[in-house]
Amino acid sequence: MKVNITQIRQLTVQLNQSYKRKEWQSVRKIDKEIYSMLADLKAQPAVAESLRRDILQLKKVHLAAMTACEMEKEHLGQMLAKFQNQREGVSEYQQVEMAGGFIR
């Protein structure tokens, strides 16, 4: 497929909007489209060179999006750890209760 400037600019805008809105499924879809487009560009070095400026802008937004994904992943990991700790506290209540430790 021949890659054009409009396609690159659309991907750049879509990716920028999607990651800022934390629409991670959309980011994933766009990431796959970028991968496919870059694979096509490997076979078209003259086209890639003519689109260099727009490709570099897409790369910049792509890097920002991947950084945001990584930060979100870390945030979710922290939340899951917190929930796990809370669950362990609830489990302790259940164990005490089952052992007859609560006066009712």
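Residues numbered from 1 in each chain as written. Predicted model: local features only at pLDDT ≥ 70, side-chain atom pairs only at ≥ 80, totals over all residues. Heavy atoms only, no water.

- Within an unreviewed UniProt entry, the label attached to the protein chain reads LafD, and the organism entered is Photobacterium pectinilyticum.

## Some remarks on the pattern of salt bridges
Opposite charge on two side chains makes pairing possible when the charged atoms of those side chains draw close.
Alright, step 1. Taken as a whole and assessed by the stated rule, the structure comprises five salt bridges.
Alright, step 2. Glu 70 serves as the salt-bridge partner of Lys 73, at 3.3 Å between the closest nitrogen and oxygen. You can see Lys 73 and its partner Glu 70 sitting in helix H4 (residues 52–98), three residues apart, about one turn around the helix. (Salt bridge = Lys/Arg side-chain N within 4 Å of Asp/Glu carboxyl O. Helix = DSSP H or I, 4+ residues; strand = E, 2+ residues; numbered from the N terminus.)

## Observations concerning helix H2 (residues 24–42)
Residues lying three or four places apart along an α-helix face the same way, a consequence of the helix completing one turn every 3.6 residues.
Alright, step 1. Taking 1.5 Å of rise per residue, the 19 residues of H2 would be expected to cover 27 Å, and the 27 Å separating its terminal C-alpha atoms lies within 8% of that figure.
Alright, step 2. For H2, the complete set of buried residues consists of Val 27, Ile 30, Ile 34, Met 37 and Leu 41. The buried residues of H2 occupy one face: seen down the axis, they fall within an arc of 85 degrees. Summarising the geometry of H2, the exposed residues directed more than 90 degrees from the buried face are Gln 25, Lys 29, Tyr 35 and Lys 42. (Expected span 1.5 Å × (residues − 1). Buried < 20%, exposed > 50% of the residue type's maximum accessible area, 1.4 Å probe, protein only. Arc of directions from axis to C-beta.)

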